[in-house]
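Report on the structure
Single-letter residue listing:
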Amino acid sequence: MSRVVVTGGSGRLGRNLVAGLAAAGHEVVSLDRVRTAALDVDGVEQVAIDLTDADATAAALASARADALIHLAAIAVPFSAPEDVIMRTNAALAVSVLGGAVDAGMTRIVAASSPTVLGYGNPSGWLPDALPLDEDSPTRPWNAYALSKLLIEQTVAMLHRRTGDDVRYASFRPCFVIAPEEWGGAPTQQGHTVAERLADPALAAPSLFNYVDARDVASFADRLLEALPEIPNAEVFFVGADDALAEAPLADLLPRFVPGADDLASGLTGTAPAFSSAKAARVLGWRPSRRWRTELAAAPTGARQLP
Ligand SMILES: NC(=O)c1ccc[n+]([C@@H]2O[C@H](COP(=O)([O-])OP(=O)(O)OC[C@H]3O[C@@H](n4cnc5c(N)ncnc54)[C@H](O)[C@@H]3O)[C@@H](O)[C@H]2O)c1
């Protein structure tokens, strides 16, 4: 059990991650520009703050008296703001929040990155070296959001060089996050529903059909916080579901959206995803526990009927 600061705790991922950590017995302090009634629960304290204010951020991190930080706050969607604003905001938050946590004496520091650092979706073309994608796949960001996420990973590496192993770090790349209400028909981050993403593969193709249930990210974070003192420092982890958000095998689907990927994708048969979370299994012993087929089938009214 720890006292954990989560930035961006009111967001789509943050709400579920904070609730999951609190349910696991952690005391959580959520730092976000806005408060949310969803986190008015035992074990959670909410502080309204603009984290682009470095002085206020340093003061909030110090007064939280926490031993761990999970940094989620960001402009979280590519092209949802001008490129310079995304870069400036996410970079400034990385430095003030992650550096501020070190200065506040926290000894476990975790940052949310993104699979987009790999560079898929590049309008000039993109082909991976191999599939499935994993932590050894080369990073080739082509927009400010993806570059800012790589910068967050590099900020973690920079701080590790500065502090050595007195502080334990990790970055994680959550796949397309699906919050529990979205199984029941609430719009996903991109506006359409899960059922619409499944019915029209062109909607999920930009994320290469990746996804993860927000509650599984919470269980990953809980396990990571526990393991940080024991595992290699400043590692990066993909965090995704064990299957693809698609009805057809990716061996058939991917080449339609990633020209030239026929041979590379040929091993993605059955329900295999394009992103591997094997490292999280190997290093942390963590596995996702939710799959779209069972979550959709169990969802209340509004959910699509399975074929
Ligand atoms: N949702 C996904 O599919 C996904 C996938 C990969 C990575 N991520 C990363 O996970 C993190 C969380 O994503 P999300 O989907 O929950 O995003 P979100 O937009 O729902 O939540 C982000 C939260 O950060 C807060 N925030 C932003 N700027 C702030 C500031 N200056 N001061 C204080 N609070 C601020 C917002 O108020 C919001 O509550 C982000 O870092 C995102 O890049 C998300």
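Look up: the structure comes first, before these words.
Reading guide: rules and limits
- Residues numbered from 1 in each chain as written.
- Predicted model: local features only at pLDDT ≥ 70, side-chain atom pairs only at ≥ 80, totals over all residues.
- Heavy atoms only, no water.
- Near = heavy atom within 4 Å.
- Polar contact = N/O pair within 3.5 Å; in protein donor to acceptor, adjacent residues only side chain to side chain.
- Areas by Shrake-Rupley, 256 points an atom, 1.4 Å probe, with all protein chains shown as cover.
- 1 Å grid on protein atoms, 1.4 Å probe; cavity = no way out; pocket = protein on both sides within 12 Å on 5 of 7 lines; lining within 4 Å.
- Sits in = over half its atoms within 2 Å of the grid points.
- Helix = DSSP H or I, 4+ residues; strand = E, 2+ residues; numbered from the N terminus.
- Nonpolar A, V, L, I, M, F, W, Y, C, P; charged D, E, K, R; others polar.
- Points joined across faces, edges and corners; volume = space filled by probe spheres on them.
- Buried < 20%, exposed > 50% of the residue type's maximum accessible area, 1.4 Å probe, protein only.
- Pairing = 2+ DSSP bridges.
- Right-handed = clockwise from strand over helix to strand, strands pointing away.
- Contact = heavy atoms within 4.5 Å.
- Expected span 1.5 Å × (residues − 1).

Thoughts on the site of the ligand
Taken together, 27 residues lie near the ligand, and Asp 32, Leu 72, Tyr 145, Lys 149 and Val 177 sit nearest. In this structure, Gly 11 approaches the ligand through a main-chain N or O atom, which is 3.2 Å from an oxygen atom. The backbone of Leu 51 places a nitrogen or oxygen atom 2.9 Å from a nitrogen atom of the ligand. With the chains in place, 88% of the 820 Å² that the ligand exposes on its own is no longer accessible. With respect to the detected pockets, the ligand is housed in the largest pocket. For the shell around the ligand, the secondary structure elements donating two or more residues are helix H1 (12-23) and helix H4 (144-163). Among the elements that take part in the shell around the ligand, H1 stands out by supplying three residues, more than any other. Considering only residue class, the shell around the ligand consists of 14 nonpolar, eight polar and five charged.

Digging into the layout of surface pockets
The rolling of a water-molecule-sized probe over the atoms marks out the regions of remaining empty space. Looking at the largest pocket, its volume works out to about 1300 Å³. Forming the walls of the largest pocket are 47 residues, and the residues nearest its centre are Ile 75, Ala 76, Val 77, Tyr 145 and Gln 189. For the lining of the largest pocket, the elements supplying multiple residues, two or more each, are H1, helix H3 (83-103) and H4. By residue class, the composition of the lining of the largest pocket is 25 nonpolar, 16 polar and six charged.

Considering the pairing of strand S2 (residues 27-32)
Burial runs high along S2: five of the six residues are buried. Here strand S1 (residues 3-7) runs beside S2; their pairing, made up of five bridges, is parallel. By the bridge assignment, Arg 3 is partnered in S2 with Glu 27. With H1 bridging S1 and the parallel S2, this β-α-β connection has right-handed handedness. Relative to strand S3 (residues 44-48), S2 runs parallel, the two sharing five bridges. Bridged to Val 29 within S3 is Glu 45.

A look at the environment of Leu 203
With respect to the helices and strands, the residue Leu 203 is situated in helix H7 (residues 201-204). Separated by 13 residues in the primary sequence, Leu 203 and Gln 190 place their C-alpha atoms 8.8 Å from one another. Not counting residues within four places of it along the chain, the set of residues in contact with Leu 203 comprises His 192, Glu 196 and Arg 197.

Concerning H3
Between the first and last C-alpha of H3 there are 29 Å, a value that for 21 residues agrees with the 30 Å anticipated at 1.5 Å per step. Directly after H3, the chain includes Gly 105, whose backbone phi takes a positive value near 90°.

These figures come from the coordinates and say nothing about function on their own.
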